[in-house]
Amino acid sequence: MIFNQIFCSDTLKTLKTLPSNCVDLGITSPPYNKREKNNGGLVKKVIYSTYKDSVPERKYQSNQVQVLNEIYRATKEGGSFFYNHKLRYLNGQMIHPMDWLRKTDWLLKQEIIWDRTIAANIRGWRFWQVEERIYWLYKPINKQAIGKELNSKHAKLTSIWRAAPENHNPHPAPFPLWLPTRIILSVLNQRGVVLDPYIGSGTVGVAAKLLGHDYLGIDIDKNYCADAKQRIEQAHLEQDIIDREKALHVVSKTYQERKESKRLKSLEYTVLDTNL
Ligand SMILES: C[S@@+](CC[C@H](N)C(=O)[O-])C[C@H]1O[C@@H](n2cnc3c(N)ncnc32)[C@H](O)[C@@H]1O
């Protein structure tokens, strides 16, 4: 298997050619099937140059289930996949990513809210939707669902990640670089292979490379593939963003020490109580 490359092709077709159990971690934001007609005006409209983001919803969800199951097969036991999506509305009715995530082979480990602090649509049908979701999916080892604890140094991070979308990137829907950086730093403790099946401008490849891992990318658009390759070659230019994210992953106490100091505090209170 050759790593550190981008396949310029359809995701599902390419995933089927990957061997089983070769990927340690995946991160992606697929096309959302937004059927975008109107634009609220606060953020740029997402129009891909090759892919038309408009298919019947049933077909879209069935494709996503197949894609996610192929990724599950290609992922090693104990590996994770982080899937960024959002709540959408069709004829007034909410469509939730859980509608198809529960149909996949993955264990659903966590739902993270990405508070983007800005709404894509400024109409008043609902309260302004400023968030997207990131699903942490897990492939258990020997059917052990719990998996390993995160290292203590990530303990400052909560399940709400707050930061505006990326604005300095010509791709219509790029990840901000801190996002895949945070994920890789948090779950990949040894050198591994990071997959992005819809790699777009190559953000996941940049993060993987700068953090000392290998990457695999897929995108259907030739121009995005070419731009992503070039960007990954010059990844060092974005090192400052990686360093800023790394600086957030520092705590003074381990989980065990925190638990212990809490236990001692509660003992102190019990002694005080009995003295009263
Ligand atoms: C939301 S963007 C991903 C952006 C990426 N996270 C980044 O940081 O730039 C989704 C990407 O999926 C690609 N795409 C859409 N349909 C595809 C398909 N069937 N196979 C492969 N890529 C596809 C689009 O060209 C687009 O670049």
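Preceding this section is the structure that the text describes.
All chains use their own residue numbering, which begins from 1 and follows the written sequence. Residues qualify for local features only when their pLDDT is at least 70, as the model is predicted, and side-chain atom pairs are given and counted only at 80 or more; totals for whole chains, interfaces and linings, by contrast, use all residues.

Q: Explain the overall build of the chain here, please?
A: From N to C terminus, the chain includes eight helices and ten strands. Since a compact globule built from 276 residues should have a radius of gyration of about 19 Å, the 20 Å found for the chain is in line with a globular shape. Projected onto its principal axes, the C-alpha coordinates of the chain cover approximately 75 × 50 × 40 Å. Across the 276 residues that make up the chain, the buried fraction comes to 30%. Residue pairs qualify as contacts under a 7 Å threshold applied to their C-beta atoms, which are placed from the backbone. Within the chain, contacts between residues separated by at least 24 positions form 74% of all contacts whose residues are at least 6 apart in sequence. In this text, helices come from DSSP runs of H or I with a minimum length of four residues, and strands from runs of E with a minimum of two, each type numbered from the N-terminal end. Restricting the calculation to C-alpha atoms gives the radius of gyration, and the globule rule supplies 2.2 Å times the number of residues raised to the power 0.38. The burial label depends on the number of other C-beta atoms within 10 Å of a residue's C-beta. Counts of 20 or more mean buried, 12 or fewer mean exposed, and intermediate counts mean partly exposed, with C-beta atoms placed from the backbone.

Q: I would appreciate a short explanation of the sheet that holds strand S9 (residues 193–196) in the present structure.
A: Hydrogen bonds between backbone groups are what pair the strands of a sheet, and the pairing can be parallel or antiparallel. A strand pair is defined by DSSP finding two or more bridges across the two strands. Spatial strand order, S1-S10-S9-S2-S3-S7-S6-S8: eight strands in an open sheet with mixed pairing. If you trace the sheet from one side to the other, it starts and ends with strand S1 (5–8) and strand S8 (160–162), each paired once. Averaged over neighbouring strand pairs, the angle between their axes works out to 20 degrees when direction is ignored. The pairing of S9 with strand S10 (residues 214–219) spans four bridges and is classified as parallel. What sits directly across from Asp196, in S10, is Gly217. Against the sheet, helix H2 (residues 57–74) makes contact with strand S2 (23–28), strand S3 (75–85) and S9, and its axis sits at roughly 150 degrees relative to S3, the strand it touches most. The axes are straight lines fitted to the C-alpha atoms, using for helices just the contacting stretch, and the angles between their N-to-C directions are given from 0 to 180°.

Q: Would you explain the site of the ligand in this entry?
A: Nearness here has a simple definition: the residue's C-beta atom, placed using the backbone, must lie within 6 Å of the molecule or strand. Near the ligand lie 20 residues; those nearest to it are Pro174, Tyr198, Gly200, Ser201 and Thr203. Within the shell around the ligand, the residues separate by chemical class into ten nonpolar, seven polar and three charged. Polar here means any residue other than Ala, Val, Leu, Ile, Met, Phe, Trp, Tyr, Cys and Pro, which are nonpolar, and Asp, Glu, Lys and Arg, which are charged; Gly is therefore polar.

Q: Help me out: how do you make sense of the nonpolar core in this one?
A: Within soluble globular proteins, side chains that are nonpolar tend to cluster in buried spots. By definition, a nonpolar core groups buried Ala, Val, Leu, Ile, Met, Phe, Trp, Tyr and Cys residues that are joined through C-beta atoms within 7 Å. Counting 44 residues, the largest nonpolar core has Ile71, Ile184, Val194, Val204 and Ala207 as the members making the most contacts within it. Not counting residues within four places of it along the chain, the set of residues in contact with Val194 comprises Asp24, Leu25, Ile27, Ile184, Val204, Ala208, His213 and Tyr215.

Q: Please clarify how the environment of Leu177 should be interpreted in this entry.
A: Here Leu177 is to be found in the loop between S8 and helix H4 (178–187). Judged by C-beta crowding, with 23 C-beta atoms within 10 Å, Leu177 ranks as buried. Counting along the chain gives 26 residues from Leu177 to Thr203, while the straight-line C-alpha distance between them is 5.9 Å. The contacts of Leu177, once residues within four sequence positions are left out, are Thr203, Val206, Ala207, Glu238 and Ile241.

Q: Could you clarify how one ought to interpret the pairing of strand S6 (residues 107–115) in this entry?
A: Along any regular strand the residues' side chains alternate between the sheet's two faces. Pairing geometry for S6 and strand S7 (residues 131–138), over eight bridges, is antiparallel. Within the sheet, the bridge partner assigned to Leu108 lies in S7 and is Leu137.

Q: What's the story with H2 in this structure? I'm lost.
A: Here a helix's expected span is defined as the number of its residues, less one, multiplied by 1.5 Å. Taking 1.5 Å of rise per residue, the 18 residues of H2 would be expected to cover 26 Å, and the 26 Å separating its terminal C-alpha atoms lies within 8% of that figure. Of the positions making up H2, those classed as buried are Gln64, Val67, Leu68, Glu70, Ile71, Tyr72 and Ala74. If you follow the buried residues of H2, they end up packed against helix H1 (11–15), S2, S3, helix H3 (98–101) and S9.

Q: How should I be thinking about helix H6 (residues 222–233) in this particular structure?
A: In a regular helix each residue adds 1.5 Å, so twelve residues correspond to 16 Å; H6 covers 17 Å between its end C-alpha atoms and thus fits that length. Regarding H6, the residues found buried are Tyr224, Cys225, Ala228 and Ile232. Across the axial projection of H6, the buried residues extend over an arc of 100 degrees, all falling on one side. Opposite the buried face of H6, at more than 90 degrees from it, the exposed residues are Lys222, Ala226 and Gln230. Packing partners of the buried residues in H6 comprise S1, helix H5 (203–210) and S10. Summarising the geometry, the arc corresponds to the directions from the helix axis toward the C-beta atoms.

Everything listed is a geometric property; what it means functionally is a separate question.
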